[in-house]
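# Residue-level structural notes
Now for the letters of each chain:
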Amino acid sequence: MEKYKPAGFWIRFLANIIDGILIYIIGAIIAILINEERFFSSPGNEANTWYSSPSEDISNLIYVVVFIIVFTASKYKGSPGKLACRIQVLNVEMTQISMLKSIGRFFAYFLSALPLGIGFLMAGWNEEKKGLHDIICSTRVVYRI
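How each quantity is defined
Residues numbered from 1 in each chain as written. Predicted model: local features only at pLDDT ≥ 70, side-chain atom pairs only at ≥ 80, totals over all residues. Heavy atoms only, no water. Helix = DSSP H or I, 4+ residues; strand = E, 2+ residues; numbered from the N terminus. UniProt positions renumbered as here; feature names shortened; annotations may be inferred. Buried < 20%, exposed > 50% of the residue type's maximum accessible area, 1.4 Å probe, protein only. Core = buried A, V, L, I, M, F, W, Y, C linked by side-chain atoms within 4.5 Å. Contact = heavy atoms within 4.5 Å. 1 Å grid on protein atoms, 1.4 Å probe; cavity = no way out; pocket = protein on both sides within 12 Å on 5 of 7 lines; lining within 4 Å. Points joined across faces, edges and corners; volume = space filled by probe spheres on them. Nonpolar A, V, L, I, M, F, W, Y, C, P; charged D, E, K, R; others polar. Expected span 1.5 Å × (residues − 1). Phe/Tyr/Trp six-rings, centres within 6.5 Å; stacked < 30°, edge-to-face > 60°.

### Some words on unusual backbone geometry
- Positive phi values are uncommon outside glycine, yet Asn 35 reaches one of about 55 degrees.
- Even without a glycine there, the phi angle at Ser 138 is positive, about 55 degrees.
- Here Ser 138 shows up in the loop between helix H6 (132-137) and strand E2 (139-143).

### Focus: the UniProt feature "transmembrane region" (unreviewed entry) in the chain
- Within the UniProt annotation, "transmembrane region" (unreviewed entry) is assigned to residues 9-34, 58-76 and 106-125.
- Across residues 58-76 one finds 84% helix and 0% strand; the C-alpha atoms that close the span lie 23 Å apart.
- Regarding residues 106-125, the helix share stands at 80% and the strand share at 0%, and the terminal C-alpha atoms are separated by 21 Å.

### Points about the environment of Asp 57
- Looking at the element boundaries, Asp 57 is found in helix H2 (residues 54-73).
- Judged by relative accessible area, Asp 57 falls into the partly exposed class, the value being 41%.
- For Asp 57 and Leu 33, which are 24 residues apart along the polypeptide, the C-alpha to C-alpha distance reads 14 Å.

### Some points on the nonpolar core
- With 9 residues, the main nonpolar core is built from Ile 26, Ile 30, Tyr 63, Phe 67, Ile 68, Ile 69, Phe 71, Phe 106 and Tyr 109.
- Broken down by secondary-structure element, the contributors of at least two residues to this core are helix H1 (9-33), H2 and helix H4 (99-113).
- No other element matches the 5 residues that H2 contributes to this core.
- Leaving out residues up to four positions away in the same chain, Tyr 109 has contacts with Ile 68, Lys 82, Phe 120 and His 133.
- In this structure, Ala 15, Cys 85, Val 89 and Ile 97 belong to the second largest nonpolar core, which totals 7 residues.

### Concerning the layout of surface pockets
- The computed volume of the largest pocket comes to approximately 410 Å³.
- As for the largest pocket, its lining consists of 23 residues, of which Asn 16, Lys 82, Tyr 109, Phe 120 and His 133 are closest to the centre.
- Only H1, H2, H4 and helix H5 (118-125) provide two or more residues apiece to the lining of the largest pocket.
- Its residues placed into classes, the lining of the largest pocket shows 13 nonpolar, 6 polar and 4 charged.

### Looking at H2
- Taking 1.5 Å per residue as the helical rise, H2 with its 20 residues ought to reach 28 Å, and the 27 Å between its terminal C-alpha atoms agrees with that figure.
- Within the span of H2, buried status applies to Ser 55, Ser 59, Tyr 63, Phe 67, Ile 68, Ile 69, Phe 71, Thr 72 and Ala 73.
- As for H2, its buried residues are in contact with H1, helix H3 (80-84), strand E1 (87-91) and H4.

### Considerations on the side chain of Ser 112
- Of note, Ser 112 is situated in helix H4.
- The residues contacting Ser 112, other than those within four sequence positions of it, are Gly 117, Ile 118, Gly 119, Phe 120, Leu 132 and His 133.

### Focus on the packing of aromatic side chains
- Per the stated rule, a full pass over the model turns up 13 aromatic pairs.
- A ring pair is formed by Phe 9 and Phe 13, whose centres lie 5.8 Å apart and whose planes are at 25 degrees; its orientation type is stacked. One end of the pair, Phe 9, and the other, Phe 13, are both in helix H1, 4 residues apart, so they sit about a helical turn from each other.
- By relative accessible area, Phe 13 is classed as partly exposed at 39%.
- Plain terms: the ring middles of Phe 39 and Phe 40 are 5.0 Å apart, the flat faces sit at 85 degrees to each other, and that makes the pair edge-to-face.
- Classification of Phe 39 as buried rests on a relative accessible area of 11%.

This is the structure in structure tokens:
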């Protein structure tokens, strides 16, 4: 069996930054297509600033379903950010994860976010570089060979 090197917190953080940029680009394209000015307005210009715009909602939904869930369970084994950072999500047996496991892993992100994102930070201080969502779903994030 090939030896995979675990991907730690900072490379995973960079992958999430790249994913965030892609989500913004998708949202901007949708906003242009539907002629939505609210997406491009500065925060605080409206009375209800905590509401997202329709293009933000659509881009987030597309991103979660297609890029986070489907891509992770596909031959790509990760989101576009993970692909760009040359890391991948695998089972503990170092095989591709299933669609159901990918969905479960996405929902486990919410547990990793509480409290204060400690579940994500765990990838920085445990030997196997696993976040809480990886432990819950029996997955690993490793560098591509």
